[in-house]
Every structure is written in structure tokens, then in C-alpha cells.
Amino acid sequence: MRFVKGHGTENDFVILPDPDGGLDLTPELVAWLCDRRAGIGGDGVLRVVRSKAAGQDEAAEWFMDYRNADGSIAEMCGNGIRVFARYLVDAGLAEPGEWDVATRAGLRGISVGAAGDVRVDMGAPVLLGTGEAELAGRTFAGQGVSTGNPHLACPVDEPVAGLDLSRAPGFDAAMFPEGVNVEFFRFLGDRHVEMRVFERGSGETRSCGTGTVAVAVAASLASGDAVPAGEWTVDVPGGRVTVTLDGSTSYLSGPAVLVAEGDIRPGGRRSR
Ligand SMILES: N[C@@H](CCC[C@H](N)C(=O)O)C(=O)O
């Protein structure tokens, strides 16, 4: 089985080319692939499959089958879809330009050149109301936002580097019955924030694209904007992305890098 390894602001993925949909991608296989000691290592898996073969929206030729590191399925991945697009162009499966990718959250518009950053139209964020996260005995108020998947974006006054994200934050399961990705963000300047994230199904990661959009929305509201708006610079442990909120949709721009490729030996899986 071939694989490619890539990342977007160090949110890293194992990419599995499976154009005709023949791969039986079990949760156990995903967890092993993402294991940083026994497998290849990654925050998630991107299976690259034709929409037709996956029973998805054929308005887009390709479907991003995204899985979290624990094997669970998520609707959308903002860094993953940019890496997915970079892979398609690199592999000669798509031309540089503008086209859609199908995801479980619907079609997403890609803008990709022959090299460099990739921009994705992330769609219109949906406000989910306010909630609370518990972290290391402290309670943080946050803004719930859906960017195709659920987020709780919590403003803090201190540098985010000092927060203890070694354990999953607590949250209101009645508000987020399917779980939630929790972000903590601090203002650094005019429409400029830093954030850290604890992702549902993957733990703390060095970036989360859908989370950066949720944070931009929450930061805009916290700034007094009646409607989330503006171009936001979001610093994450793995780099920097730009989020643009234009009232009707949102855009995420940032690096998408392929770093390795090779063959997977499923026989290398350890039996417990
Ligand atoms: N890292 C991703 C988000 C991946 C899915 C998330 N963990 C979930 O379960 O919703 C991103 O870049 O958006």
C-alpha cells in the first residue's frame, strides 16, 4: 500500500491514494498508521478516493475521506483538505487552478497553484451558542462554532503556551453530543491571535484549520463585530494561517507540504 506524508502548519497526515475505493480502512488500521512509534505517525489519515467510488457528490471528482488519529470519522479538516489538494496536483491527478473537493461537510472550493500556499473556501461558519470548557481545574467561557465540524473557541488573557493541554478539556456533552474540538486563543494585535487546540479524536495538534476559522469567528465577535468579518492572522504552534471572513463564507490560506512517500507494510502491525 502506497502512502504520502504531508502537513499543513505541522498538522500532519498520512495520505492514502485509493482512487477506486478498494481499501478497507478500519479504525484499527488508521490508529496504527497514525501511531508515531509503531506506525508512520500523523494527526489523521486522508484517503484519496474518487467521489463516484465513495458514493459521494460527483460534482467534485475527488472525495476527502478524513479520519482522526484514533480512527474516528470527522466531517471536515481544513488543513487536511489543503494538503489533499496539494497531493492531487503533485500526483498529476488535478491541475493547478480552482475546483471543488467533496467532504462529509459538503463541497469545498480549492484554489491551488503549482507550488505554494493553498486556499480553501470553508463555507459559512454557523454559530452554536456559548458554552464552557474545563481545563486543569479552571473554567473557560467559549463560543461554539460549526465549520462543518464542531468547535468551542475560548478567549484567554494569558499566553496560550502556558496552558496545560496534556489532558482533554471537559465540555458540555449536551451541547456537543458528538464531541468537540476545543481552542484557546489570545489577542496579539489588530485581527491577530494566537491559539492552541485540543482536537476531538487526535489530542493536541500543532494546528487545526477548521479551528482557526472558528477562532477568527469568536475573536471577531469578541472584538465587537456584529457579524464576523475581516482578515485574521492566526498563529498556531506549527506556523501561521490567514482566515478571511466575508459575511457569506470564510477562506483559509496557508502552507500545504508533502514531505515523504513510501510503502506501508500492514504485516508490520503488532498484535496485542
Ligand atoms: N485538524 C483538522 C480537523 C480534524 C477533525 C477534528 N479532529 C474533528 O474531529 O472534528 C483541521 O485542520 O481542521
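Residues numbered from 1 in each chain as written. Predicted model: local features only at pLDDT ≥ 70, side-chain atom pairs only at ≥ 80, totals over all residues. Heavy atoms only, no water.

Here we take up the nonpolar core. Of all hydrophobic cores here, the largest spans 48 residues; its most connected members are Met64, Trp99 and Ile110. Composition of this core by domain shows at least three residues from each of domain 1 (2-122 + 256-266) and domain 2 (126-248). In this structure, Ile110 is in contact with Ile81, Ala85, Gly97, Glu98, Trp99, Val101, Val118, Arg119 and Val120, ignoring residues within four places of it in sequence. Core analysis: the second largest hydrophobic core is formed by 13 residues, Leu152, Leu163, Leu165 and Phe184 among them. (Core = buried A, V, L, I, M, F, W, Y, C linked by side-chain atoms within 4.5 Å. Buried < 20%, exposed > 50% of the residue type's maximum accessible area, 1.4 Å probe, protein only. Domains from an automatic or database assignment. Contact = heavy atoms within 4.5 Å.)

With that settled, the discussion passes to the UniProt feature "active site" (unreviewed entry) in the protein chain. Within this structure's numbering, the places UniProt gives as "active site" (unreviewed entry) are Cys77 and Cys208. These residues run over 132 residues, yet every pair of their C-alpha atoms falls within 7.6 Å of each other. Tracing the chain through its elements places Cys77 in the loop between β4 (62-68) and α3 (78-90). For Cys77, a relative accessible area of 7% gives the class buried. Secondary-structure assignment places Cys208 in the loop between β14 (203-205) and α4 (209-222). A relative accessible area of 3% places Cys208 in the buried class. If sequence neighbours within four positions are ignored, Cys208 has contacts with Asn11, Asn79, His151, Glu183, Met195, Val197 and Glu199. (UniProt positions renumbered as here; feature names shortened; annotations may be inferred. Helix = DSSP H or I, 4+ residues; strand = E, 2+ residues; numbered from the N terminus.)

This part covers the site of the ligand. Taken together, the neighbourhood of the ligand is formed by 15 residues, with Asn11, Gly78, Glu199, Gly209 and Thr210 sitting nearest. A distance of 2.9 Å separates an oxygen atom of the ligand from a polar side-chain atom of Asn149. One nitrogen or oxygen atom from the main chain of Gly209 is found 2.6 Å from an oxygen atom belonging to the ligand. Taking 360 Å² as the accessible area of the ligand by itself, protein coverage stands at 100%. Only β4, α3 and α4 provide two or more residues apiece to the shell around the ligand. Taken together, the residues of the shell around the ligand sort by class into five nonpolar, eight polar and two charged. Here the shell around the ligand spans two domains, since at least three of its residues come from each of domain 1 (2-122 + 256-266) and domain 2 (126-248). (Near = heavy atom within 4 Å. Polar contact = N/O pair within 3.5 Å; in protein donor to acceptor, adjacent residues only side chain to side chain. Areas by Shrake-Rupley, 256 points an atom, 1.4 Å probe, with all protein chains shown as cover. Nonpolar A, V, L, I, M, F, W, Y, C, P; charged D, E, K, R; others polar.)

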